[in-house]
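# Breakdown of the fold
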Amino acid sequence: MTQGEAPPRTPRSRPTMREVAALAGVAIKTVSRVFNGVPTVDPAIVVRVREAADKLGYRPNLTASSLRRGDGRTATIGMLVEDAANPFSAALTRTVENVARERGSLVLVGSLDEDPARERELAQALIDRRVDGLVIVPAGRDHSYLISEQRSGTCMVFVDREPSLLDADAVVSDNRQGAVTAVDHLLKAGHRRIAYLGDRATISTAAQRFDGYRHALEVAHIACDDELVHHTGASEEAAIEATRRVLALPNPPTALFTSQNLVTIGAVRALRALGRQHSVAHVGFDDFPLADILSPGISVIAQNIEQVGKTAAEMLFRRLDGDESAATTITVPTRLIERGSGEIRAGGHHD
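Below is a short write-up of the structure. (Residues numbered from 1 in each chain as written. Predicted model: local features only at pLDDT ≥ 70, side-chain atom pairs only at ≥ 80, totals over all residues. Heavy atoms only, no water.)

A word on the overall build of the chain. Of the regular secondary structure elements, the chain holds 12 helices and 14 strands. Its C-alpha atoms give the chain principal-axis dimensions of about 85 × 65 × 35 Å. Across the 351 residues of the chain, 47% fall into the buried class. Of the contacts formed within the chain by residues at least 6 apart in sequence, a portion of 66% connects residues at least 24 apart. When the accessible area of the chain is evaluated, it comes to approximately 17900 Å², of which 50% is carbon and sulfur surface. (Helix = DSSP H or I, 4+ residues; strand = E, 2+ residues; numbered from the N terminus. Buried < 20%, exposed > 50% of the residue type's maximum accessible area, 1.4 Å probe, protein only. Contact = heavy atoms within 4.5 Å. Areas by Shrake-Rupley, 256 points an atom, 1.4 Å probe, with all protein chains shown as cover.)

Put into structure tokens, the structure is as follows:
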């Protein structure tokens, strides 16, 4: 060690309950009763124990104490989302957290990045940490790996997509009808060539939105043109490229329906770079920050994320409270928000 260099810090072991008991002059069992909130402990002793704990920097081991509790609860909820950085995932997590906080529970969050193997790995890791329940936005299509955990008493609710090969509660948005509403809106503005840019078709929500797109065209007696369809994946870069490609066609679309928020953002970037944002109509699925202050504002099909998250969290806590009724799927309606981009008429003019 050179002169003037600070000596390496040796990790200090955590203070123990035994040390708190010694400093407070009480039995270890008394310290345990104080931190478990047993009401019969003398208030003066409670003060003495807590002062000793504060002086030593002692923190009770909540995991260990929960395993000794009669119900084995840890007051933690595991939550698996597509990507915690995505605005949809972030808003969903916050809503679940608000409900959990009212119930005195913490939420532990992991991102799946649409990887089924990661879903299994993180779900198991959270279960191993004895979370009381799981809220899952699933990446995989086989959830039978959770059957034994469900039988062992782990409560779970799926969000945004229903579970497969597992009988469990789910809260989803009305994806198909939302897409029908978006395309109908563009058709009413006189558009007949409407491009579809969406997430991978293997993802159930993307498949439902694409189905809604095709259905709306079919009802309007318009053939679905494969040249106008791109399943880009949830990537701004891929959406920018797909938007440029469809607009460069000999017979380009006059309107875009983008079925995922990152795809919508990519399309917005491409339209602005090409100077086409005022001539090509555009409706996106999922709202996103600043969509209302662009020029034109971006018309969207908005999911009621707060309602989805609140419903899912409340379902989970009902299960934790002992509700043993049959598993159900609740579908939450979406709504069209008109801001300008979706109201550009065929021919490049606003309504």
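Turning to the environment of Leu 23, a few remarks are in order. Within the element layout of this structure, Leu 23 appears in helix α1 (residues 17-24). The sequence separation of Leu 23 and Arg 319 amounts to 296 residues, and the corresponding C-alpha distance is 43 Å. For Leu 23, the residues in contact, after removing those within four places along its chain, are Ala 52, Lys 55 and Leu 56.

Here the focus is the packing of helix α10 (residues 236-247) against helix α11 (residues 261-274). Relative to each other, α10 and α11 sit at 50°, their axes nearing to 7 Å. If you check the angle between α10 and α11, you find them oblique. The hand of the α10/α11 crossing is right-handed. Contacts between α10 and α11 involve Glu 236, Ala 239, Ile 240, Thr 243, Arg 244 and Leu 247 on the former and, on the latter, Leu 262, Val 263, Ile 265, Gly 266, Ala 267, Arg 269, Ala 270, Leu 271, Ala 273 and Leu 274. Its residues assigned to classes, the contact of α10 with α11 comprises 11 nonpolar, two polar and three charged. (Axes fitted to C-alpha atoms, helices over the stretch in contact; angles between N-to-C directions. Parallel < 35°, antiparallel > 145°, perpendicular 65-115°, else oblique. Left-handed = near helix turned anticlockwise from the far one by under 90°. Nonpolar A, V, L, I, M, F, W, Y, C, P; charged D, E, K, R; others polar.)

This brings us to the packing of helix α5 (residues 87-102) against helix α12 (residues 305-320). Between α5 and α12, the shortest axis-to-axis distance is 8 Å and the interhelical angle comes to 40°. Comparing their axes, α12 and α5 come out oblique. The handedness of the crossing between α5 and α12 comes out as right-handed. Facing α5, whose interface residues are Phe 88, Ala 91, Leu 92, Thr 95, Val 96, Val 99 and Ala 100, α12 presents Ile 305, Glu 306, Val 308, Gly 309, Lys 310, Ala 313, Glu 314 and Phe 317. Of the residues in the contact of α5 with α12, the class split is 10 nonpolar, two polar and three charged.

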